[in-house]
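Report on the structure
Listed below are the residues making up each chain.
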Amino acid sequence: MAAPERMAEASAARTPDRFDAIVVGAGFAGMYGLHRLREMGLSVRVYERGGDVGGTWYWNRYPGARCDIESQEYSYSFSSDLQQDWNWSERYGTQPELLAYANHVADRFDLRRDIRFETRVAAAEYDDASRLWTVTTDTGETATAPIFILATGNLSTPQLPDIPGVGDFAGRRFHTGDWPREPVDFTGRRVGVIGTGSTAIQAIPAIAEEAKHLYVFQRTANFSVPAHHGPMTDDFRAAAKAAYDETRRLARTTPFGIARFPAPTRSTFDVSDEERQEIYEKAWAMGGQALLFSFNDLLISEAANETAAEFVRNKIRATVNDPEVAELLCPDDHPIGTKRLCLDSHYFETFNRKNVTLVDVRTTPITEITASAVVVGDRPYEIDDLVLATGFDAMTGAARDIDIRNGNGLGLRDAWADGPRTYLGLMVAGFPSLFMITGPQSPSVKSQMILSIEQHVDLIASIVGRMRDAGAKAVAATADAQKNWVDHANELAETTLYTKANSWYMGANTPGKPRMFMPYAGGVGRYKETCDRIVAEGFTGFVFEG
Ligand code: FAD
Ligand code: NAP
């Protein structure tokens, strides 16, 4: 390249609105994406609609919020110094501690200087001639870059229920996924919680401690197992730190990306009824997701699954004093584990409290919400505060909220009209140099997500490195590679029980959304091996252009 061209390019790179990469989102994905690409010498701009870093842990500040994977696993592995310096205080990090961790990472790696907060990306358009993405924000800013990365999260688009009058409630109304920055006091209040998913199951015991009366409006009972949450002891922390190299390596080979849950080898019916019961009891005592890793066919065979499901139902029956309430709390419409298994701290016990009422809104649905009440059938439940723990437009909601168009003017929303289609959950054929971190058809939400985030960011970094080495201006997934990957992901999902639940994994919680199992069901280890092979074989399925 001639000197004047080099100078022109250097000066273009310094222009504020021209970057090597634009990233949307400053949760754990966007934060590591920024750090990793900056380390490679790229100029990066991150846009985040929230006021600070943390993503999930910035928005979900409801009482009781915490992770459901133990903190020594649910954390970044990319920096050994970070791992050694940070001290988790509890077995499952609380939302404040996870947010403090995100802030620590932002400070430590000086991330904020490249992040524009309180700025929502509204649109992005690719130009085939210049091979650049132009991004437009709701503040009227535009920026261009050859690489455009969605780190917009799988559970970042809170969803209001489609109940008539939900906007008419005159008291305090909260969605758990967009909780106020300041603490909310429920003391002396009549509170209604709609929803009994993972979020509600964490929030209900905490709100019940404060509220004068709590009404829980349950449409579908959910399986939940005890977290056995507690402080992280100094000995445990020291041992975890000493073993990090090995546990992180192991985690990458497991189905869920969690070192302590390797792939089980035995079938449910390889053991006697008594032995199976003992195994479940041990898993119950260990807490967390352990139960699902007891046998290798729990998510494949209905008969096997039913043994674990009935074990949990019996625990519920043994915990809840009122037999009618207990039966209502026993899930019976989906196999255990086909919705995210909830972890709780005294959830079922909460229904023994005098100030808590379970309202079954499956038999008699909520008809409307008025200024002061949730009306079930024709019975109004008068409340002061309404908590909507009604979940998210999951996996595709945030990407679809942005008007993303390729060089032919085709929108991502149109390309995905029949459900998301990707290559590896990383790229979409026809949309060059657009990457997704933990997109649909990657392990994503069926994994320890920080591990999956790091794996995707590292994969993007190696593709960008290859672009640089080859002098390529763009990279695209081929239509064939995408078709084969989607077929493979769908075939795998069909061999499991996941498709039997009306879950957000299936898009079933969002009216009008096509039904398909969106995460990759093959597990973290298998997925990583596939990606590693694709890279080793010279980036099969990717075309480097220009
Ligand atoms: P997010 O943290 O969701 O960050 C995405 C960011 O993108 C958000 O800050 C959002 O504001 C921003 N954004 C989106 N669209 C735009 C736009 N158009 N313009 C600008 N900014 C935008 N996973 C686990 O593995 N273990 C757990 O224990 C666990 N617990 C969870 C608990 C809760 C309550 C929830 C909701 C999720 C949980 N998850 C858990 C999943 C969790 O989302 C991931 O672990 C992880 O935090 C995702 O990081 P992310 O950066 O990919 O997405
Ligand atoms: P969710 O699992 O989708 O649960 C939403 C709840 O709202 C369901 O009980 C649903 O009932 C109910 N609901 C929605 N619309 C309703 C209506 N019109 N009437 C009555 N009920 C209605 O959402 P979430 O609980 O926020 O969890 C989402 C995901 O976030 C989890 O699966 C998990 O991956 C993650 N998360 C993790 C943790 C953790 O432990 N670390 C905590 C929170 C969240 P139906 O089932 O009948 O639709």
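The preceding data block contains the structure.
Source: prediction; values computed, not measured.

1. Thoughts on the sheet that holds strand 5 (residues 132-137)
In any sheet, the strands associate via hydrogen bonds between backbone groups, in a parallel or an antiparallel arrangement. Pairing within the open sheet is mixed, and its four strands lie in the order 6-5-4-18. Every other strand in the sheet has two partners, leaving strand 6 (142-145) and strand 18 (403-405) as the edge strands with one partner each. Mean inter-strand twist for the sheet, computed between neighbouring axes without regard to direction, equals 15°. Bridge analysis of strand 5 against strand 6 gives four bridges, and the strand direction is antiparallel.

2. A closer look at the side chain of aspartate 393
Among the secondary structure elements, aspartate 393 is positioned in the loop between strand 17 (385-388) and helix 13 (397-401). Polar contacts involving the side chain of aspartate 393 include one to the side chain of lysine 513, which spans 2.6 Å. Those residues in contact with aspartate 393 that lie beyond four places of it in its chain are Asn154, Thr157, Gln159, Thr510 and Lys513.

3. What about unusual backbone geometry?
Here the phi dihedral of histidine 346 falls at roughly 65°; this positive angle occurs in a residue that is not glycine. By the secondary structure assignment, histidine 346 is in the loop between strand 12 (342-344) and helix 12 (347-350). Its relative accessible area of 56% is what places histidine 346 among the exposed residues. Residues other than glycine seldom take positive phi values, yet serine 433 does so here, at roughly 55°. Residue placement: serine 433 occurs in the loop between helix 14 (412-415) and strand 19 (434-436). Looking at serine 433, the relative accessible area reads 0%, which means it is buried.

4. Some points on the site of ligand 1
Residues in close proximity to ligand 1 total 33 residues, the closest being Glu48, Thr56, Asp68, Tyr74 and Met449. Taking phenylalanine 28, its main chain carries an N or O atom lying 3.1 Å from an oxygen atom of ligand 1. One of the backbone N or O atoms of valine 121 is found 2.9 Å from a nitrogen atom in ligand 1. For ligand 1, whose accessible area on its own is 980 Å², the fraction buried by protein is 95%. For the shell around ligand 1, the element with the highest residue contribution is helix 3 (residues 56-59), accounting for three residues. Of the residues in the shell around ligand 1, the class split is 17 nonpolar, eleven polar and five charged.

5. A closer look at the environment of serine 462
As for its placement among the helices and strands, serine 462 is situated in helix 15 (residues 449-470). On the basis of relative accessibility, which here comes to 27%, the residue serine 462 falls in the partly exposed class. With 76 residues separating them in the primary sequence, serine 462 and leucine 386 have C-alpha atoms 47 Å apart. Filtering out sequence-adjacent residues up to four positions away, serine 462 remains in contact with Val535 and Phe539.

6. Quick look at the pairing of strand 17
Of the two faces of strand 17, the one holding Asp385 and Val387 and the one holding Leu386 and Leu388 are both buried throughout. Two elements, strand 8 (residues 172-175) and strand 17, share four bridges in a ladder whose sense is parallel. Paired with arginine 172 across the strands is aspartate 385, a residue of strand 17. Looking at chain direction, strand 9 (residues 190-194) and strand 17 are connected through four bridges and run parallel.

7. Quick look at helix 10 (residues 302-319)
Taking 1.5 Å of rise per residue, the 18 residues of helix 10 would be expected to cover 26 Å, and the 25 Å separating its terminal C-alpha atoms lies within 8% of that figure. Contact partners of the buried residues in helix 10: strand 11 (224-226), helix 9 (273-286), helix 11 (323-329) and helix 12.

8. A short note on the site of ligand 2
Thr196, Thr199, Arg219, Thr220 and Trp504 are the nearest of the 24 residues found near ligand 2. A distance of 3.5 Å separates an oxygen atom of ligand 2 from a polar backbone atom of glycine 197. Considering ligand 2 on its own, with 910 Å² of exposed area, one finds that the protein chains cover 87% of that surface. With three residues, the top contributor of residues to the shell around ligand 2 is helix 6 (residues 198-210). Classifying every residue of the shell around ligand 2 by side-chain character gives nine nonpolar, nine polar and six charged.

9. What about the packing of helix 2 (residues 28-39) against helix 15?
Two measures define how a pair of helices packs: the angle their axes make with one another and the distance between the axes. Packing of helix 2 against helix 15 leaves a shortest axis separation of 9 Å and a crossing angle of 35°. With respect to the hand of their crossing, helix 2 and helix 15 are arranged in right-handed fashion. Only Ile450, Ile453, Glu454, Val457, Asp458 and Ala461 of helix 15 make contact with helix 2, whose side of the interface consists of Phe28, Ala29, Tyr32, Gly33 and Arg36. Here the residues of the contact of helix 2 with helix 15 sort into seven nonpolar, one polar and three charged.

Scoring rules and cut-offs
- Residues numbered from 1 in each chain as written.
- Chains lettered and ligands numbered in written order.
- Predicted model: local features only at pLDDT ≥ 70, side-chain atom pairs only at ≥ 80, totals over all residues.
- Heavy atoms only, no water.
- Pairing = 2+ DSSP bridges.
- Helix = DSSP H or I, 4+ residues; strand = E, 2+ residues; numbered from the N terminus.
- Axes fitted to C-alpha atoms, helices over the stretch in contact; angles between N-to-C directions.
- Polar contact = N/O pair within 3.5 Å; in protein donor to acceptor, adjacent residues only side chain to side chain.
- Contact = heavy atoms within 4.5 Å.
- Buried < 20%, exposed > 50% of the residue type's maximum accessible area, 1.4 Å probe, protein only.
- Near = heavy atom within 4 Å.
- Areas by Shrake-Rupley, 256 points an atom, 1.4 Å probe, with all protein chains shown as cover.
- Nonpolar A, V, L, I, M, F, W, Y, C, P; charged D, E, K, R; others polar.
- Expected span 1.5 Å × (residues − 1).
- Left-handed = near helix turned anticlockwise from the far one by under 90°.

Shape is all these values report; function is a separate question.
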